[in-house]
Amino acid sequence: MYSQKLRVAILGTGNIGTDLLLKVIRSPLLECRLFAGRNLSSPGMTKASMLNIPVAAKGVQSILDIKDDVVLVFDATSAEHHFKHAPLFEKAGIVAVDMTPAKIGQMCVPAVNLQHCLDLMNVNMVTCGGQASIPLAYAIAEVNKDVEYIETVSSIASRSAGPATRINLDEYLSTTENGLRLFSSCEHTKAILNLNPAQPCA
């Protein structure tokens, strides 16, 4: 159907990176050339190996070692790490899709501003809560210019929040609020995240 798939790599083998890997495998447009992290025995790495996806445990250096074989990398590590990774990817000429709340590249919400992000070397995907709520906030603002306050509340299963997600909770909240403010032009925004410990998982 497609003559050539886009060659991509995923950096970060936790819950977010592993979930993304499964989506890339199903995609008719993408081919995962490398799944990179720091622990070959992690559940994500083990799953990737079972799916015959190339894996490496040298972190960002694993991506740079094959820079001529990838066009785009999904960074699913943490905001702190992406601050270090972003200039390395840019120097290597690799487009970075930032899955962390680092706020380095332009915020991208495909339902709202995809066309403005297609030629950028680093795009920030805001947060999962931002991707769910910003299109609604944008639509509300389009028909009502007098909205003074927007609040979004996200609830996820506690089990789905891995170590990097938990480390980035403050960044998650501030980035989501900034995204809501940017795309809705509403001055006052608030983001709330509930980690639900219920079993079975919510």
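Our structure is the block above this text.
Just so you know, these numbers come straight off a predicted model, no measurement behind them.

J.: Quick question: what am I supposed to make of the overall build of the protein here?
T.: Looking only at helices and strands, the protein has 8 helices and 9 strands in total. Its C-alpha radius of gyration of 17 Å places the protein within 12% of the 17 Å reference for a compact globule of 202 residues. The C-alpha extent of the protein, read off along each of the three principal axes, is 50 × 45 × 35 Å. Classification of the 202 residues of the protein by burial places 43% in the buried group. Contacts in the protein between residues at least 24 apart in sequence constitute 59% of all its contacts with a sequence separation of at least 6. Between the averaged position of the 17 positive side-chain charges in the protein and that of its 18 negative side-chain charges there is a distance of 9 Å.

J.: In this structure, what is going on with helix α4 (residues 79–92)? I would like to understand it.
T.: The α-helix advances 3.6 residues per turn, and as a result positions three or four apart in sequence lie on the same side. Here α4 spans 20 Å end to end across 14 residues, near enough to the 20 Å set by a 1.5 Å rise per residue. Along α4, the largest kink reaches about 30° and is centred on His85; proline Pro87 follows within four residues of it. Along α4, the residues classified as buried are Ala79, His82, His85, Ala86 and Phe89. Tucked into the core, α4 has its buried residues touching β1 (6–11), α3 (60–64), β4 (72–75), β5 (95–98), β7 (122–124) and α8 (169–184). Phi turns positive one or two residues past the end of α4, at Gly93, with a value near 75°.

J.: I'm lost on the pattern of salt bridges in this one. Help?
T.: Side-chain pairs of opposite charge can arise whenever the charged atoms involved come near each other. A complete count under the given rule lists 6 salt bridges for this structure. The closest approach of N and O atoms between Lys23 and Asp19, which form a salt bridge, is 2.7 Å. Taken together, the residues span about one helical turn, with Lys23 and Asp19 both in helix α1 (residues 15–26) at a distance of 4 residues. Taking the relative accessible area as the measure of exposure, Asp19 reaches 39% and is therefore partly exposed. Among the salt bridges present, the one from Lys145 reaches Glu142, with a minimum N-O distance of 4.0 Å. Overall, the relative accessible area of 45% leaves Glu142 in the partly exposed class. Salt bridges linked by common partners bring Arg7, Glu31, Arg33 and Asp69 together as one network.

J.: I'm lost on the environment of Thr176 in this one. Help?
T.: Tracing the chain through its elements places Thr176 in helix α8. Sequence separation of Thr176 and Val97 is 79 residues, and the distance between their C-alpha atoms is 17 Å. Dropping the residues within four chain positions of it, Thr176 is found in contact with Val126, Thr127, Gly129, Gly130, Thr152 and Ala191.

J.: Please clarify how the side chain of Thr189 should be interpreted in this entry.
T.: Mapping Thr189 onto the fold places it in strand β9 (residues 188–196). At 2.9 Å, the side chain of Thr189 and the backbone oxygen of Glu177 are in polar contact. Side-chain polar atoms of Thr189 contact the side chain of Arg181, separated by 3.3 Å. Residues in contact with Thr189, not counting those within four places in the same chain, are Ile150, Glu177, Leu180 and Arg181.

J.: Help me out: how do you make sense of helix α6 (residues 128–143) in this one?
T.: Of all the bends in α6, the largest measures some 30° and sits at Ile134, one to four residues before the proline Pro135. When α6 is considered as a whole, its buried residues turn out to be Gly129, Gly130, Ser133, Ile134, Ala137 and Ala141. Buried residues along α6 sit against β8 (149–157) and α8.

J.: What's the story with the nonpolar core in this structure? I'm lost.
T.: A general feature of soluble globular proteins is that nonpolar side chains tend to end up buried together. Ile10, Leu21, Val24, Phe35 and Phe74 are the most contacted members of the largest nonpolar core, which totals 18 residues. Those residues in contact with Val24 that sit more than four places away from it in its chain are Val8, Ile10, Leu30, Glu31, Cys32 and Phe74. Within the second largest apolar cluster, 13 residues are counted, among which are Leu11, Val70, Phe89 and Ile94.

J.: Can you walk me through the packing of α6 against α8 in this structure?
T.: For any two helices packed against each other, the geometry comes down to the angle between their axes and how far apart the axes lie. Here α6 crosses α8 at 25°, and the two axes come no closer than 8 Å. Relative to α8, the element α6 is oriented roughly parallel. Taken as a pair, α6 and α8 cross one another with a handedness that is right-handed. Taking contact as the criterion, the partners of Cys128, Gly129, Gly130, Ser133, Ile134, Ala137, Tyr138 and Ala141 in α6 are, on α8, Tyr172, Thr176, Gly179, Leu180, Phe183 and Ser184. When its residues are assigned to classes, the contact of α6 with α8 shows 8 nonpolar, 6 polar and no charged.

Thresholds applied
Residues numbered from 1 in each chain as written. Predicted model: local features only at pLDDT ≥ 70, side-chain atom pairs only at ≥ 80, totals over all residues. Heavy atoms only, no water. Helix = DSSP H or I, 4+ residues; strand = E, 2+ residues; numbered from the N terminus. Rg over C-alpha atoms; globule rule 2.2 N^0.38 Å. Buried < 20%, exposed > 50% of the residue type's maximum accessible area, 1.4 Å probe, protein only. Contact = heavy atoms within 4.5 Å. Lys, Arg positive; Asp, Glu negative; His and termini not counted. Charge placed at Lys NZ, Arg CZ, Asp CG, Glu CD. Expected span 1.5 Å × (residues − 1). Bend = angle between axes of the 7 residues up to and from the residue. Salt bridge = Lys/Arg side-chain N within 4 Å of Asp/Glu carboxyl O. Polar contact = N/O pair within 3.5 Å; in protein donor to acceptor, adjacent residues only side chain to side chain. Core = buried A, V, L, I, M, F, W, Y, C linked by side-chain atoms within 4.5 Å. Axes fitted to C-alpha atoms, helices over the stretch in contact; angles between N-to-C directions. Parallel < 35°, antiparallel > 145°, perpendicular 65-115°, else oblique. Left-handed = near helix turned anticlockwise from the far one by under 90°. Nonpolar A, V, L, I, M, F, W, Y, C, P; charged D, E, K, R; others polar.

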